[in-house]
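So the chains spell out like this:
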Amino acid sequence: MRRLLLLLLLAGCAAPPPSAYVGGRPQESGSGIDLGTNAAGERCRLLPAGESGSGDIYCADARMPAAQVARAGKATAEAEMALATSSPFRAGLDLRLVCDAPKPTTILGSTPAALLVCTRRVGGWPQAALVTVVDGTAYQAEGILPALAVMERAIGVLSGRITAAAAPALSPSAADALLGRRLAAHAFGAGTVDEYDRLMARLIELEALHPELATPDSPSRRVGAKPSEKFSKLRHSVAMLSLDNAFDDGDVADFVARVRRFLGMKES
C-alpha cells in the first residue's frame, strides 16, 4: 500500500523543462559532430570538451552526456588491455562502476581495443568502456551501454581515422557484436538516465515529507552494487560527505550556502 501511494505521488510530478538541468549544454540544431544514432535510436552528437582530443557525446535532448571520450597520451601498440586493467582511467572507473574483466576486441575495422562491461554502483545502469591505441595515441571512452557504437565513431573522428562526414554510416564493429545481446535486453537511452535522477530526487523529497511511506528496501536507502573488494579500508580524518544532484540554479545556490555555513563563512 505504501509503495502504491509513492507511485501515485510520483506519477503526478511534472518533469522540469530542459533549461532547468545543470551540467549539460544546449544542443542547438547543427551543433557538434553528427555521430548517427545509438542503440536506442537516439541521434547523437560529439561536442568538444576540455583538452584537445576530448569530447562529450549528447544523445536526443538529454542535458547530461551519454558518453565521454578522451585522448590519453602516447602509448605503444597493443597496450589497450594493460590500460584497461591497471591505469588511472581504470581506477576512476572502479570508483563509480563495477566492471567485468576487459575483453579483447576490435573497432574501426581492425584496430585492437579493450572492452569493459560495467554497472553503475549507484542506480545500477549498464555501462560500457573502451580503450584503444590509434597511431601511437591512447583513447579512452565510457558511457551508457546504448552509446557504445557512437563512442567508437567519436574515437574514429578524434583520431582522424574516419572523417566526420563518414561517422554516422560506420559499419558495426566486433565490439558491437560482443554486446549485441545485452544491448537488446536494455531498451533505454540517454533520456532514461536523466529521468531516473529526477525521480530519485523526488522520491527522497517525498520520503522526507512522509516518513511513514518509506520502506527499508527503498532505492533511496541502498546502493546499486556490492562494494569492490579491491580496495582496502581507510579511516578518514574528516567525514566523507555524499554527493547530490542539482537540477537548477536554486539547488546550486542552496549547496553553496550550506557549504559556507558549514565552514563558518558569512553568506554572500
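Residues numbered from 1 in each chain as written. Predicted model: local features only at pLDDT ≥ 70, side-chain atom pairs only at ≥ 80, totals over all residues. Heavy atoms only, no water.

Turning to the nonpolar core, a few remarks are in order. Among the nonpolar cores identified, the biggest contains 29 residues, and L35, I57, I107, L130, A147 and I155 are the most heavily contacted of them. Counting residues per element, the ones that place at least two in this core are β2 (43-48), β3 (55-59), β4 (67-74), β7 (111-120), β8 (126-134), β9 (137-144) and α4 (148-159). Ranked by size, the runner-up nonpolar core spans ten residues in total, among them L93, L97, C99 and C118. (Core = buried A, V, L, I, M, F, W, Y, C linked by side-chain atoms within 4.5 Å. Buried < 20%, exposed > 50% of the residue type's maximum accessible area, 1.4 Å probe, protein only. Helix = DSSP H or I, 4+ residues; strand = E, 2+ residues; numbered from the N terminus.)

The subject of this paragraph is the confidence of the model for the chain. Low pLDDT marks regions whose predicted coordinates should not be analysed in detail. A residue-level look at the chain finds 69% of positions with pLDDT of 70 or above and a mean pLDDT of 77. Low confidence marks residues 1-29, where pLDDT is under 50. Its contacts with residues over four positions away, or in another chain, come to 52 contacts. (pLDDT = per-residue confidence, 0-100. Contact = heavy atoms within 4.5 Å.)

Mapped onto the elements, A75 comes out in the loop between β4 and α2 (80-85). As a C-alpha pair, A75 and T132 span 57 residues in sequence and 9.5 Å in three-dimensional space. Those residues within four positions of A75 in sequence are excluded, and the remaining contacts are L83, V133, G136, T137 and A138.

As a further point, take the pattern of salt bridges. Tallying each qualifying case throughout the model produces four salt bridges. Note that E142 is salt-bridged to R96, the shortest N-O span being 2.7 Å. One end of the pair, E142, is in strand β9; the other, R96, is in helix α3 (residues 88-96), with 46 residues separating them in the sequence. Judged by relative accessible area, which is 13%, E142 ranks as buried. (Salt bridge = Lys/Arg side-chain N within 4 Å of Asp/Glu carboxyl O.)

Now for the state of the cysteines. Here the structure, examined in full by the defined rule, presents two disulfides. The partner cysteine of C44 in its disulfide is C59, sulfur to sulfur 2.1 Å. Taking the torsion about the S-S bond as the criterion, the C44 to C59 disulfide, at about 105°, is right-handed. Highlighted residues: C44 in strand β2 and C59 in strand β3, separated in sequence by 15 residues. No difference in accessibility class separates C44 from C59, as the two residues are buried. Between C99 and C118 runs a disulfide, and the two sulfur atoms are separated by 2.1 Å. Its S-S torsion of about 105° marks the bond between C99 and C118 as right-handed, since a negative value means left-handed. Of the two residues, C99 is situated in strand β5 (residues 97-99) and C118 in strand β7; the sequence distance between them amounts to 19 residues. Here the chain pairs its bonded cysteines, counted in sequence order, in the arrangement 1-2, 3-4. (Disulfide = S-S within 2.5 Å.)

Our focus in this paragraph is helix α8 (residues 249-262). Think of an α-helix as 3.6 residues a turn; residues three or four steps apart then line up on the same face. Here α8 contains 14 residues, and its C-alpha end-to-end distance of 20 Å stays within 8% of the 20 Å for a straight helix at 1.5 Å per residue. Following α8 by one or two positions, G264 has its phi on the positive side, about 75°. (Expected span 1.5 Å × (residues − 1).)

For β8, a buried count of nine out of nine residues is recorded, marking the element as mostly surrounded by other parts of the structure. Neither face of β8 is left uncovered, since the one carrying P126, A128, L130, T132 and V134 and the one carrying Q127, A129, V131 and V133 both have all their residues buried. What sits between the antiparallel neighbours β7 and β8 is a turn of five residues, in which G123 has the positive phi angle 105°. One ladder, built from eight bridges, connects β8 with β9; its direction is antiparallel. Each residue of the ladder has a partner; that of L130, found in β9, is A141. The hairpin turn running from β8 into β9, its antiparallel successor, is two residues long, and D135 in that turn takes a positive phi close to 50°. (Pairing = 2+ DSSP bridges.)

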